Protein chains: 2
Amino acid sequence: MDEEKILALNELLSAGKFGTLKSELAEMNEVDIAEFFGGLEPKSQLLVFRILPKDLSSEVFAYLEPDDQMNIVNSITDRELSELVDELFLDDTVDFLEEVPANVVTRVLKNADKETRKLINRFLQYPENSAGSIMTIEMVQLHDTITVGQAIETIRRTGVDKETIYTCYCIDKARHLIGTIDLSELIFNDDSVPISDIMEEDESLISVKTLDDQEEVADIVRKYDLLSVPVTDNEGRLVGIITVDDIVDIIDAENTEDFEKMAKVLHSDESYLKTSVFKLARNRIPWLLILMISATFTGRIIEGFENMLAAIAGLTAAIPMLMDTGGNAGNQTSTLAIRGLATGDIEPRDYIRILWKELRIGVICGAILAIANMLRLYLLQFVGWSSGGIHVFLVICSAMFCAVVLAKVIGCTLPLAAKAIKLDPALMAGPMITTIVDAVTLLIYLGLARTFLNGLGV
Amino acid sequence: MDEEKILALNELLSAGKFGTLKSELAEMNEVDIAEFFGGLEPKSQLLVFRILPKDLSSEVFAYLEPDDQMNIVNSITDRELSELVDELFLDDTVDFLEEVPANVVTRVLKNADKETRKLINRFLQYPENSAGSIMTIEMVQLHDTITVGQAIETIRRTGVDKETIYTCYCIDKARHLIGTIDLSELIFNDDSVPISDIMEEDESLISVKTLDDQEEVADIVRKYDLLSVPVTDNEGRLVGIITVDDIVDIIDAENTEDFEKMAKVLHSDESYLKTSVFKLARNRIPWLLILMISATFTGRIIEGFENMLAAIAGLTAAIPMLMDTGGNAGNQTSTLAIRGLATGDIEPRDYIRILWKELRIGVICGAILAIANMLRLYLLQFVGWSSGGIHVFLVICSAMFCAVVLAKVIGCTLPLAAKAIKLDPALMAGPMITTIVDAVTLLIYLGLARTFLNGLGV
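Small disclaimer: the values here were computed from a predicted structure and weren't measured.

About the cut-offs
- Residues numbered from 1 in each chain as written.
- Chains lettered and ligands numbered in written order.
- Predicted model: local features only at pLDDT ≥ 70, side-chain atom pairs only at ≥ 80, totals over all residues.
- Helix = DSSP H or I, 4+ residues; strand = E, 2+ residues; numbered from the N terminus.
- Rg over C-alpha atoms; globule rule 2.2 N^0.38 Å.
- Buried ≥ 20, exposed ≤ 12 C-beta atoms within 10 Å, placed from the backbone.
- Contact = placed C-beta atoms within 7 Å.
- Pairing = 2+ DSSP bridges.
- Axes fitted to C-alpha atoms, helices over the stretch in contact; angles between N-to-C directions.
- Least-squares fit on C-alpha atoms with pLDDT ≥ 70 in both.
- Arc of directions from axis to C-beta.
- Nonpolar A, V, L, I, M, F, W, Y, C, P; charged D, E, K, R; others polar.
- Parallel < 35°, antiparallel > 145°, perpendicular 65-115°, else oblique.

Visitor: For the overall build of chain A, give the residues involved together with the corresponding values.
Guide: The secondary structure content of chain A amounts to 23 helices and six strands. Taken over the C-alpha trace, chain A has a radius of gyration of 31 Å; the compact-globule value for 458 residues is 23 Å, which it surpasses by more than 25%. Expressed as a percentage of its 458 residues, the buried residues of chain A come to 43%. Long-range contacts, defined here as pairs at least 24 residues apart, represent 70% of the contacts in chain A between residues at least 6 apart.

Encoded structure:
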């Protein structure tokens, strides 16, 4: 939505032209109204919320930021609240309740009807990130004994409040999920056809369980290009559905979590600008501390070679470059491996193939880098090319080659090993790789130096 | 799909029980059949492909890997190819043709009917990653003058081959897109209602243009929770649609690209296991080279302080730890900033707020790390705590504090600056940050050491 439109709406609001404002808003998409809403003062928010037609106001509510939702709920009457809860889809109510303080939850529950209250309470108990915690119950359920004509009749009569009518769920008398049927199948078939003849069943029937992780659910929806997926309990009874728009949000959230792990910060659900400085600092300190302390290794290694480093010119100056190059080479491999594991492109059982590939990639990259580095050192004349300088150069370039090859090997081994023993590759492997590659690079470099430069200065 | 099922199918295949195999496959989902297919020998692939009913075989074809698709196309007769192209959705044909050599494209085009050939040629000309290159033309188009009853009649008559019938597109006589209407709206309204009364139009009508970037299209589908979005040409005429399942694939691909940039490798469309070692090495060498050469700065800086480093015990040993900590602190901020910019959580205009936040976060993290480091150095007795040792410790800890604060400032400034001047933050800012933070950290550290430790050894 453009700035001009928002300005125009604000003008109508401040001029008190509520009639015009109301009809302007009624023409708009609920997502855009929510965007306009977010920029208003709390008092104006309440006013605009009350201007909106009831069905539109609940749609807008579902798209508001938690803070604004709470502001509304705290300002409206019990009766308005009860109507709002009634209009909202159950998954949106549960989403909202998961973010607010207990007293708000209590008030919302008090104003929900008995059946909804029971459902909300059950939904709030599903573990975070489980299919149960994100599903909704507003789906079309059809008994398996009816015909296409009866099914369409049922949808027309009961479908208005459903989150989707495009996939319908067929159940038997005991509410077991036994098939799904797309609305398009109903439209293209004759009224007299029994739906059991055309539904997807048995092996083609794709469903998830309430305790399945939301990431698995996302993988299934993505793999089979579904618009929605049914959720069953352990006995196979239909208890809810999850729609593709929620899956898109989950994919985004999971990706953000992966980026957080790469950034070595703890996970946070809140948006950056709304999180306090202390909370942000708290999310970042743990890994910074752990990694700093693990750098003790590199310090110790250098200490052990201090006399040699002091005696031979040019040795110390190359340390940052070697460590950075090793780190970058390892980081390339580990990031791609972690991403590949996340998308299913690679699996732990491919380890030998991957190792063999990375070994050869390491040899190629290492050789090119070593040669380029030789040229660089020569052109920039870091230390004298003549006398001892050439030996130092050779040690630096050999160490560079070994460091790149080993970084590639470590970079693919750790994530796959973590995955194989069911640990999170991004969390376990990422930070360890830097530390290990750093230490190994230094040991190779200084070890080579001690072996080959012994006569030069020590 | 489980391993057992695949084994059972393979047994049917090798036993030559094609009748049973055919009926087993007909029960399965096309995605699972494609998975089974991927594990077969080329010869068996052709056999299975021919066993499948025509409509199912084209659905399976769309889910195959490009290599397997090419194997099929190269093995079937012209007549079979012509039938296949006829059954495929246009976007799947175009996807496939974008991956194969020119001679295969020519053969496919030769076997398509004239109208399809014209369309394919036009689609292949849209720029990569544009809305035009990923859209399909199999959508339901309704003239704005008809009623709900006529609309449903049209859908039943012409909808079978459409990629989605759940959103229908209303056009005027000149084919301008003037509205969209959900199938659910048609179902819940009376047959006699004119569709122009209930369609989404004007401001609620959401569409994209053929040359829009696919990332923008994904943002719109995600924001408005759409099942499909219409694509128009510059004159506003409807030319195609993009469905949500393709959007999910695009979100995945865009995220993978962001991970590749973080890993500092060039983008590759192919799956890791199928890419040759040389190509993988080629994708990784450029950034490794650039970053190695940029490490010349750090080398030069250390060279300038070589005498001091040689003279004072303990100074050199702290270099890797300081650089790693600075790098990690900067990396935390830059990764979160790059991700925040990608999801729209933050924008360049928030720079001052973000800078102020990061400055305070830097002070908190820097102080905690400096204190922790002091303890660590004391406990591990790196160099003598008495005599000059304490001064070295103080310099190391002060440098650590300054490095963390500066890393946070640089880490948020560069990505936002890149975005503000329309450069890709992940590509421009990521690699530069390491180099700049490294150099700045070293300069602060060695500068502080020269200033305060002058009397100790130099």
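Visitor: Give a detailed account of the sheet that holds strand β3 (residues 177-182) of chain A, specifying residues and quantitative values.
Guide: Residue and element names in this part refer to chain A. The three strands lie next to each other as β1-β2-β3, forming an open sheet whose pairing is mixed. Strands with a single pairing partner mark the edges of an open sheet, and in this sheet they are β1 (139-143) and β3. Each strand axis lies, on average, 35° off the axis of its neighbour in the sheet, ignoring direction. Looking at chain direction, β1 and strand β2 (residues 164-171) are connected through four bridges and run parallel. Note on β2: the bridge partner recorded for Gln141 is Tyr169.

Visitor: Just give me the short version of the relation of the copies chain B and chain A, but keep the residues and values in it.
Guide: Placing chain B over chain A gives an RMSD of 0.2 Å and needs a rotation angle of 180°, together with 0.1 Å of translation along the axis. As the rotation angle and translation indicate, the two copies are arranged about a two-fold axis. Across chain B, the rotation axis passes nearest the C-alpha of Ala310 of chain B, at a separation of 2.0 Å.

Visitor: Hey, could you go over helix α3 (residues 30-38) of chain B for me, with residue numbers and the actual values?
Guide: Residues and elements named next belong to chain B. When we look at burial in α3, the residues that qualify are Glu30, Asp32, Ile33 and Phe37. Down the axis of α3, the buried side of the element spans an arc of 160°, and every buried residue falls inside it. Those residues of α3 hidden inside the fold are in contact with α2 (18-27), α4 (42-51), α5 (54-63) and α6 (66-75).

Visitor: Account for the interface of chain B and chain A, with residues named and values stated.
Guide: Listed per partner, the contact involves 93 residues of chain B and 93 residues of chain A. Class assignment for the residues of the side of chain B that touches chain A results in 51 nonpolar, 20 polar and 22 charged.

Visitor: Which residues make up the sheet that holds strand β4 (residues 208-209) of chain A, and what values do they have?
Guide: Residues and elements named next belong to chain A. Pairing is mixed in the open sheet, where three strands are placed in the order β4-β5-β6. Edge positions in the open sheet fall to β4 and β6 (238-243), since each of these has one partner strand only. In this structure, β4 lies alongside strand β5 (residues 228-232), joined through two bridges in parallel fashion. Bridging from a neighbouring strand, Val208 pairs with Val231 of β5.

Visitor: So what's going on with the packing of helix α4 (residues 42-51) of chain A against helix α6 (residues 66-75) of chain A? Which residues, and what values?
Guide: Working note: a packed helix pair is described by the angle between its axes plus the distance between those axes. All names here are of chain A. Running from N to C, α4 and α6 point in directions that differ by 70°, and their axes come no closer than 10 Å. Comparing the axis directions of α4 and α6 gives the class roughly perpendicular. Of the residues in α6, those touching α4 at Pro42, Gln45, Leu46 and Phe49 are Asp68, Asn71, Ile72 and Ser75. Its residues assigned to classes, the contact of α4 with α6 shows four nonpolar, three polar and one charged.

Visitor: Residues and numbers for the environment of Phe393 of chain A, please.
Guide: All names here are of chain A. As for its position among the elements, Phe393 is in helix α22 (residues 389-420). C-alpha of Phe393 to C-alpha of Met374: the two residues are 19 residues apart in sequence and 6.7 Å apart in space. Here Phe393 is in contact with Met374 and Leu377, once residues within four sequence places are set aside.

By themselves, these figures tell us nothing about what the structure is for.
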